[in-house]
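# Secondary and tertiary structure notes
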Amino acid sequence: MLFRSCIGVSAGLRHAAAICEVSEETSYVMVWGDNSKKQLGLLNSTTAIVKEPTRIILRDRRQENVIPVKLRCGKNFTIVLASDGFFYGCGLDKFGIFGHESVNGNGKRKSAYLPEFTQLELSYPEDCCIKVKDFQCGWNHVLVLLENGRILSWGRNNFYQLGRSASQNLSACDYDWMPKYVNEGLPDYKPDPVISIACGSEHNLALTKSGRVYAWGWNEHDNCGITIKNSETDHVIKIPTLVLHVDSSGKPKLDSGAVLIGCGAGNSFTVTSASQ
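Residues numbered from 1 in each chain as written. Predicted model: local features only at pLDDT ≥ 70, side-chain atom pairs only at ≥ 80, totals over all residues. Heavy atoms only, no water.

### Notes on the overall build of the protein
The condition that has to hold: Working definition: helices are DSSP H or I runs of at least four residues, strands are E runs of at least two. Numbering for both runs from the N terminus. Only protein chains enter the accessibility calculation, which uses a 1.4 Å probe; a residue is then buried when its area is under 20% of its type maximum, exposed when over 50%, and partly exposed in between. Every residue pair with non-hydrogen atoms within 4.5 Å of one another is taken to be in contact. Using a 1.4 Å probe, accessible areas were evaluated by the Shrake-Rupley method; residue-level cover was limited to the displayed protein chains.
What the protein contains, in helices and strands, is 0 helices and 20 strands. The buried share of the protein, taken over its 276 residues, is 47%. In the protein, of all internal contacts separated by at least 6 residues, the share reaching a separation of at least 24 is 47%. Carbon and sulfur atoms provide 50% of the accessible area of the protein, an area that totals close to 13,700 Å².

### So, the pattern of salt bridges
Proximity of charged atoms lets side chains of opposite charge pair with each other. Note the cut-off: Put simply, a salt bridge is a Lys or Arg side-chain nitrogen that is within 4 Å of an Asp or Glu carboxyl oxygen.
With the rule as written, the count across this model stands at 7 salt bridges. Between Glu-121 and Arg-61 there is a salt bridge, with the nearest N and O atoms lying 3.3 Å from each other. Taken together, the residues span a long stretch of sequence, with Glu-121 in the loop between strand E8 (112-119) and strand E9 (132-137) and Arg-61 in the loop between strand E4 (49-56) and strand E5 (68-73) at a distance of 60 residues. Residue Arg-61 is classed as partly exposed on the basis of its relative accessible area of 49%. Measuring nitrogen to oxygen at the nearest pair gives 3.0 Å for the salt bridge that ties Arg-164 to Asp-176. Of this pair, Arg-164 sits in the loop between strand E11 (151-156) and strand E12 (175-181) while Asp-176 sits in strand E12, placing them 12 residues apart in sequence. Summarising the burial analysis for this pair, Arg-164 and Asp-176 share the class buried.

### Some thoughts on the sheet that holds strand E1 (residues 5-11)
Short version of the rule: Pairing between two strands requires that DSSP report at least two bridges joining them. Fitted lines through C-alpha atoms give the axes, limited to the stretch in contact for helices. The angle between two N-to-C directions lies from 0 to 180 degrees.
With antiparallel pairing, 4 strands are arranged side by side in an open sheet as E1-E2-E3-E4. Each having just a single partner strand, E1 and E4 make up the two edges of the open sheet. Averaged over all pairs of adjacent strands, the angle between their axes in this sheet comes to 15°, without regard to strand direction. Strand direction decides the pairing type here: strand E2 (residues 15-23) and strand E3 (residues 26-34), joined by 8 bridges, are antiparallel. Across the sheet, His-15 pairs through a bridge with Gly-33, a residue of E3.

### Notes on the nonpolar core
Spelled out, the test is: Nonpolar core, defined: a set of buried Ala, Val, Leu, Ile, Met, Phe, Trp, Tyr and Cys residues in which side-chain atoms within 4.5 Å join the residues together.
Within the largest apolar cluster, 22 residues are counted, with the highest numbers of intra-cluster contacts made by Ile-151, Leu-186, Val-194, Ile-197, Ala-206 and Val-213. Elements represented by at least two residues in this core include exactly strand E10 (141-146), strand E13 (194-199), strand E14 (203-208), strand E15 (213-218) and strand E19 (258-263). Apart from the residues lying within four places of it in its own chain, the contact partners of Ile-197 are Asp-134, Phe-135, Gln-136, Leu-143, Val-144, Leu-145, Ile-151, Leu-205, Ala-206 and Ile-261. Judged by nonpolar contacts, the second largest core, of 18 residues, contains Ile-79, Phe-98, Leu-122 and Val-144.

### Things to note about the environment of Lys-180
Condition: Pairing of N or O atoms within 3.5 Å defines a polar contact, subject to two protein rules: one partner must be a possible hydrogen donor and the other a possible acceptor, and residues neighboring in sequence count only if both atoms are side-chain atoms.
Relative to the elements of secondary structure, Lys-180 occurs in strand E12. You can call Lys-180 partly exposed: its relative accessible area is 25%. C-alpha separation for the pair Lys-180 and Pro-125, spaced 55 residues apart in sequence, amounts to 6.3 Å. A distance of 2.7 Å separates a polar atom in the side chain of Lys-180 from a polar atom in the side chain of Asp-176.

### Quick notes on a nonpolar patch on the surface
Stated precisely, the cut-off is as follows: Like-charged residues are merged into a patch within 9 Å and nonpolar side chains (Val, Leu, Ile, Met, Phe, Trp, Tyr) within 5 Å, provided each residue has over 30% relative accessible area and no salt bridge.
On the surface, Val-259, Leu-260, Phe-269 and Val-271 cluster together into a nonpolar patch covering about 340 Å² of accessible area. Listing elements by their share of the nonpolar patch, those giving two or more residues are E19 and strand E20 (268-272). Inspection of the secondary structure puts Val-271 in strand E20. A relative accessible area of 35% means that Val-271 is categorised as partly exposed.

Following this line, the structure appears as structure tokens:
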């Protein structure tokens, strides 16, 4: 099948996925790579490695086709945002990544699989009725950016990558399967909303309308761009913290003039405007 354009692509640890557009009304998810954790969503696949991009048609609970809009890969899972406003996921079901408890009756952590793309039943905050602008996935956590500039997070929190540990009794090595707001550390979303987010393996960046960059999560390699001189805590940034950029004279600046942010697994970058 011929596609007129690729409108999104993402890679996990050993798999990749893309959204390919046939027409304005028709798009498909294409997947390839490692499927040993069911992260490609190919229910009837008999091989652990898929060498060629393979088409998937998304269907809702009524088995009606839905159009993929955005797509992200985690370490061993894939999540798609569809035109109906719902998220669809497949792969390793661990750390509450698909929006439900990941423990058994004895309170021990369990792992399971979603072998095909399944509509997720997420328990959003009661006052959350804003459309999704973007979402990003780390190794085992998810960030969602809403149209009003607020952020939701859920999943693993072993390096405080959820960014809301202090107020919600989350500690390292815990996880939270319920999407909740990231409120601490970020500016008021009304005058200075977050306009872009990025996830590394276990750390995150957020860019606000004013051009300021905030970082939190795993910081072992200074991947958050923040130095804390405390041997017990310098490997993590527990809540979103302002990243100070250094100008040409070597002086730190609050307003970086950033226009673009991005993360690798253990590094980060920003692009600033020419005037900076």
